[in-house]
Amino acid sequence: MIHIMNPESENLKGCLITMEKLEQLYEGKAKKVFATADPDLVIVSYKDDATALDGKKRGTIVGKGVINNKMSNFMMQKLEKVGVPTHFVEQLSDRETVVKKVSIVPLEVIIRNIAAGSFSKRYGVEEGTDLKISTIEFSYKNDDLHDPLINDYHAIALGLATPEEIEQIKEYAFKVNDMMKEYLLGLGIILVDFKLEFGKTSDGTLVLADEISPDTCRFWDVKTHAHLDKDLFRRDLGGAEEAYQEVMRRLMGE
Ligand code: TMP
């Protein structure tokens, strides 16, 4: 049982509350989500499980859950300071964090600075090619359909998001890119690309949700261009544990 100050919940403002995990609401590929006594808050618990290729490839990256939890929380707190609202409320432990309960907008929002991965394959451009502008794209979050690429019009037509939400998501996503790109470069890390997810709180506010971690970003060492992210697992290159630790060390000195 962990006591925290809950700064968000109106009716509990300023009160010391007891934040306890209640029933499990959901188990995803990399995280579990638990209810709390506050209907507007949930607890996420990060796992070491790693999947790729729509869950067909499975494995473990030892220590990943701890690193992804801490890195996400660290970045989200920085993002709040530059005007990007997030779901983050309070870290409870190495693997567990209280976050605002949201309904996820079913779009994977991908920003790219350098060609890699599916972009390189789709357009026949060598990985590592500088893009003349940073790009944004959306995938429809739907495992049965294998998360197909979708454009703004289709997302709005299908009722996945409103035009206003799409505009707000784009603004926030590029703000995330500006902040993270510069910050990580200072640590000798190139931010190649990354995926974000947004959600809506009970009062309809759009916030950055999910996670920001080596699972969801491509990080390359600035000098060697060595992968410091999940591509090591996706591509069976080895050394994922060490790479995640290295990102953590540069980020938080741990
Ligand atoms: P992609 O090049 O495979 O489309 O990936 C773009 C970025 O999105 C990359 O940083 C990894 C991240 N990503 C996820 O976080 N989840 C996914 O399921 C996929 C396919 C990519």
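Basis of the calculations
Residues numbered from 1 in each chain as written. Predicted model: local features only at pLDDT ≥ 70, side-chain atom pairs only at ≥ 80, totals over all residues. Heavy atoms only, no water. Pairing = 2+ DSSP bridges. Helix = DSSP H or I, 4+ residues; strand = E, 2+ residues; numbered from the N terminus. Axes fitted to C-alpha atoms, helices over the stretch in contact; angles between N-to-C directions. Contact = heavy atoms within 4.5 Å. Core = buried A, V, L, I, M, F, W, Y, C linked by side-chain atoms within 4.5 Å. Buried < 20%, exposed > 50% of the residue type's maximum accessible area, 1.4 Å probe, protein only. Phe/Tyr/Trp six-rings, centres within 6.5 Å; stacked < 30°, edge-to-face > 60°. Lys NZ or Arg CZ within 6 Å of the ring centre and 35° of its normal. Expected span 1.5 Å × (residues − 1). Left-handed = near helix turned anticlockwise from the far one by under 90°. Nonpolar A, V, L, I, M, F, W, Y, C, P; charged D, E, K, R; others polar. Parallel < 35°, antiparallel > 145°, perpendicular 65-115°, else oblique.

Participant: Any details on the sheet that holds strand 3 (residues 24-27)? Residues and values, ideally.
Facilitator: Read from one edge to the other, the open sheet built from five strands follows the order 3-4-5-9-8, with strand pairing classed as antiparallel. The sheet is open, and its two borders are formed by strand 3 and strand 8 (88-91), each paired with just one other strand. If you compare each strand with its neighbour and ignore which way they point, the axes differ by 25° on average. The sheet contact formed by strand 4 (residues 31-35) and strand 5 (residues 41-46) spans five bridges and is antiparallel. Of the residues in strand 5, the one forming a bridge with F34 is I43. Contacts from helix 1 (residues 64-81) reach strand 5, strand 8 and strand 9 (96-100), with the element oriented near 130° to strand 8.

Participant: I'd like a rundown of the nonpolar core, residues and numbers included.
Facilitator: Judged by nonpolar contacts, the single largest core of 47 residues is most densely connected at L107, M180, L196, L208 and F219. Counting residues per element, this core draws most heavily on helix 4 (residues 163-185), at eight residues.

Participant: Quick rundown of the packing of aromatic side chains? Include the residues and the values.
Facilitator: Across all of its chains, the model carries three aromatic pairs by this definition. Ring geometry for F74 and Y183: centres 6.1 Å apart, planes at 50°, overall tilted. Taken together, the positions of F74 in helix 1 and Y183 in helix 4 put the pair 109 residues apart, joining distant regions of the chain. Looking at Y183, the relative accessible area reads 26%, which means it is partly exposed. Considering the side-chain rings of F119 and Y123, the 4.9 Å spacing of their centres and the 70° angle between planes classify their relative orientation as edge-to-face. With F119 and Y123 both in helix 2 (residues 117-123) and four residues apart, this pair spans about one turn of that helix. Of the residues examined, F119 reaches a relative accessible area of 12% and is grouped as buried. Here Y123 falls in the exposed class, since its relative accessible area comes to 51%. It is K21 that lies over the ring of F34; its NZ or CZ is 4.6 Å from the centre. The ring centre of F233 lies 4.9 Å from the NZ or CZ of K57, which sits over that ring.

Participant: Let's hear about helix 4: which residues, and what values?
Facilitator: Spanning 23 residues, helix 4 covers 33 Å between terminal C-alpha atoms, matching the ideal 33 Å at 1.5 Å per step. Among all positions of helix 4, only E165, I166, I169, K170, Y172, A173, V176, N177, M179, M180 and L184 are buried.

Participant: Go over the packing of helix 1 against helix 6 (residues 240-252), please, and point to the residues and values.
Facilitator: Close contact between helix 1 and helix 6 brings their axes to 10 Å; oriented N to C, the two are set at 35°. The chirality of how helix 1 crosses helix 6 is left-handed. Residue-level contacts link K64, I67, N68, K70, M71, F74 and M75 of helix 1 to Y244, Q245, V247, M248, L251 and M252 of helix 6. The class makeup of the residues in the contact of helix 1 with helix 6 is nine nonpolar, two polar and two charged.

Participant: Residues and numbers for the packing of helix 1 against helix 4, please.
Facilitator: Between helix 1 and helix 4, the shortest axis-to-axis distance is 10 Å and the interhelical angle comes to 120°. Comparing their axes, helix 4 and helix 1 come out oblique. Note that helix 1 runs across helix 4; the crossing there is right-handed. Facing helix 1, whose interface residues are F74, M75, K78 and L79, helix 4 presents V176, M179, M180, Y183 and L184. In terms of residue class, the contact of helix 1 with helix 4 is made up of eight nonpolar, no polar and one charged.

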